[in-house]
Amino acid sequence: MLYGVPVGYPHTQAGAKAAAANYTTVSGSTKFLTDKDMRHRAVSAMATDGTAAGEIKKADHAAGQAADALRGDNTKARPKQAIARTGVLSAHVLGFDAHDAMVRLWTTTVRGSAAGHETPEAAFQSVTVTLAWEANDWKLKDSSSTSGLVAPIDARQASNVTSDFADYIPATAEDPVMSGTVGEGGFPGNYERSKNGAFAAATSATMLYGDPRFFTDTNWRHKMLAATAAPSVLESVTSDADSTARLVMDNRGVGADGKTADGGELITRTAALGARSVSYSDQAASIELWTASVGGIAGKDETQRPQIAFLRMTVDLTWADGAWKTTAVTPSEPLVPSPSATEEAAPAASFADVGGVSNAPAFA
């Protein structure tokens, strides 16, 4: 970390995805948007030598635009109660070579205040991040954002009251940090035996459980579980996961190729908006993640349009065989922002642009 910014990425496409995700998450965080000195230091850590001044001006402008949203319905800004969280749902590499990379992210943001009466509001953005390899790291050259694909909030979820968001103000929860490091078999490598390592293991586990291959590819699902679950629970977890996958496939009418009979594509993604420690020791940890999960079919049937659900997920971990391993990944109480008053849901077919393995975000 440098001035609150994750640094030190691998010189790979996964490293570029991670840098783009982290820089976007930091730029949308409460501290960045409410603390000018912190914001300028963070930009100096993110940006290339030649673009820092321009990026600082853009960041100050963005902070000004976000001020009203973070105040909620309070008469004065309350930075300690502000909610500004960003979840990365997909990351597509538009261009990559040894010197430069361009990554397009699909994100969901939640902004508002945990004080007052106005529930924080969800929105979606498409963020294009241009990076340069400088000083042995991926550095920010430019970024731009537009409105992104809008997935309606799951009709079964009702918005929470403002005080429910207090667990995810800056003092009580952390932003997820993507590493861009890929371990053996394409799954995350072993994390360090620390609270940060437990946070990373929990974040990656929730992302993997939300990957479309979890539902469509039995071999991939079993390898993923073998790589992430504790040996003591692997058999039961695998059985439960197989049952869940079959149920989803049957309910959605999806075949082994991830397609419906009329050519629709299964879309599932899970992003972490924030993480907090429930309990921690060097042998066991329980991490609560605030997640945004998209699920549905990209195709002709608008009744199957992907929807987004906001859940708190509790990930229980144990230190086994020199790594953090999950013993349980359990949905708990929803934490649901209000839908945007200005954004209309995108057509079901348009979500095909964020599906597929190549659009998966980087691991934590």
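Quick caveat: nothing in here was measured; it's all calculated off a predicted structure.

A. Examining the packing of helix 3 (residues 36–46) against helix 4 (residues 52–71) more closely. The contact between helix 3 and helix 4 brings their axes to 9 Å, and the two run at 145°. Relative to helix 4, the crossing made by helix 3 is right-handed. Between helix 3 and helix 4, the contacting residues are Lys36, Arg39, His40 and Val43 on the first element and Ala52, Glu55, Ile56, Ala59, Asp60 and Ala63 on the second. Its residues placed into classes, the contact of helix 3 with helix 4 shows 5 nonpolar, 1 polar and 4 charged.

B. Local environment of the pattern of salt bridges. Under the counting rule described, the total for this entry stands at 12 salt bridges. Salt bridges sharing common partners tie together Glu55, Lys58 and Asp142.

C. Region of the structure containing helix 3. Every buried residue of helix 3 is listed here: Met38, Arg39, Ala42, Val43, Ala45 and Met46. All buried residues of helix 3 fall inside an arc of 160° around its axis, so they share one side. Among the exposed residues of helix 3, those oriented more than 90 degrees off its buried face are Lys36 and Asp37. Check the buried side of helix 3 and you find it contacts helix 1 (13–27), helix 2 (30–34), helix 4 and strand 4 (137–147). The distance from a side-chain oxygen at the start of helix 3 to the backbone nitrogen of Asp37 is 3.2 Å, and the residue carrying that oxygen is Asp35.

D. Layout of the pairing of strand 6 (residues 284–298). With 13 of 15 residues buried, strand 6 is to be regarded as a mostly interior element. Across 14 bridges, the pairing between strand 5 (residues 265–280) and strand 6 is antiparallel. The residue of strand 6 that forms the bridge with Ile267 is Gly296. Between strand 5 and strand 6, which pair antiparallel and follow one another directly, the connecting turn spans 3 residues.

E. Quick peek at the sheet that holds strand 5. The strand order across the open sheet formed by 4 strands is 5-6-7-8, and the pairing between neighbours is antiparallel. Unpaired on one side and paired on the other, strand 5 and strand 8 (323–334) mark the two borders of the sheet. Strand-to-strand twist across the sheet, computed as the mean angle between neighbouring axes with direction ignored, equals 30°. Pairing geometry for strand 7 (residues 307–320) and strand 8, over 9 bridges, is antiparallel. Along strand 8, the bridge assignment pairs Leu311 with Pro334.

F. Seen up close, helix 4. Between the first and last C-alpha of helix 4 there are 28 Å, a value that for 20 residues agrees with the 28 Å anticipated at 1.5 Å per step. The principal kink in helix 4, of about 35°, is found at Gln65. Following helix 4 by one or two positions, Gly72 has its phi on the positive side, about 65°.

G. The arrangement of the packing of aromatic side chains in detail. A complete count under the given rule lists 12 aromatic pairs for this structure. Taking the centre distance of 6.0 Å and the plane angle of 90° together, the rings of Tyr9 and Tyr23 count as edge-to-face. Taken together, the positions of Tyr9 in the segment before helix 1 and Tyr23 in helix 1 put the pair 14 residues apart, joining distant regions of the chain. Residue Tyr9 shares its accessibility class with Tyr23, and that shared class is buried. With centroids separated by 5.6 Å and ring planes inclined at 55°, the aromatic side chains of Phe187 and Trp220 adopt a geometry described as tilted.

H. A look at the environment of Ile308. Tracing the chain through its elements places Ile308 in strand 7. Residue classification places Ile308 among the buried residues on the basis of a relative accessible area of 0%. Among all residues touching Ile308, those that are not within four sequence positions of it are Thr108, Phe124, Ala151, Pro152, Ile153, Asp154, Gln157, Ala292, Ser293 and Val294.

I. Molecular detail of a nonpolar patch on the surface. Where nonpolar side chains cluster on the molecular surface, the patch consists of Leu2, Tyr3 and Val7 and spans about 250 Å² of accessible area. Relative to the assigned elements, Leu2 resides in the segment before helix 1.

J. A look at the nonpolar core. Of all hydrophobic cores here, the largest spans 56 residues; its most connected members are Phe32, Leu131, Ile287 and Leu317. Filtering out sequence-adjacent residues up to four positions away, Phe32 remains in contact with Val26, Ser27, Met38, Arg39, Ala42, Val43, Met46 and Ala59.

K. Just the environment of Arg156, in detail. Here Arg156 is to be found in the loop between strand 4 and helix 5 (195–209). What makes Arg156 exposed here is its relative accessible area of 75%. Counting along the chain gives 153 residues from Arg156 to Ala309, while the straight-line C-alpha distance between them is 8.8 Å. Within the structure, Arg156 has its side chain in polar contact with the side chain of Asp154 (distance 2.7 Å).

About the thresholds
Residues numbered from 1 in each chain as written. Predicted model: local features only at pLDDT ≥ 70, side-chain atom pairs only at ≥ 80, totals over all residues. Heavy atoms only, no water. Axes fitted to C-alpha atoms, helices over the stretch in contact; angles between N-to-C directions. Helix = DSSP H or I, 4+ residues; strand = E, 2+ residues; numbered from the N terminus. Left-handed = near helix turned anticlockwise from the far one by under 90°. Contact = heavy atoms within 4.5 Å. Nonpolar A, V, L, I, M, F, W, Y, C, P; charged D, E, K, R; others polar. Salt bridge = Lys/Arg side-chain N within 4 Å of Asp/Glu carboxyl O. Buried < 20%, exposed > 50% of the residue type's maximum accessible area, 1.4 Å probe, protein only. Arc of directions from axis to C-beta. Polar contact = N/O pair within 3.5 Å; in protein donor to acceptor, adjacent residues only side chain to side chain. Pairing = 2+ DSSP bridges. Expected span 1.5 Å × (residues − 1). Bend = angle between axes of the 7 residues up to and from the residue. Phe/Tyr/Trp six-rings, centres within 6.5 Å; stacked < 30°, edge-to-face > 60°. Patch = residues over 30% accessible without salt bridge, like charges linked within 9 Å, V, L, I, M, F, W, Y side chains within 5 Å. Areas by Shrake-Rupley, 256 points an atom, 1.4 Å probe, with all protein chains shown as cover. Core = buried A, V, L, I, M, F, W, Y, C linked by side-chain atoms within 4.5 Å.

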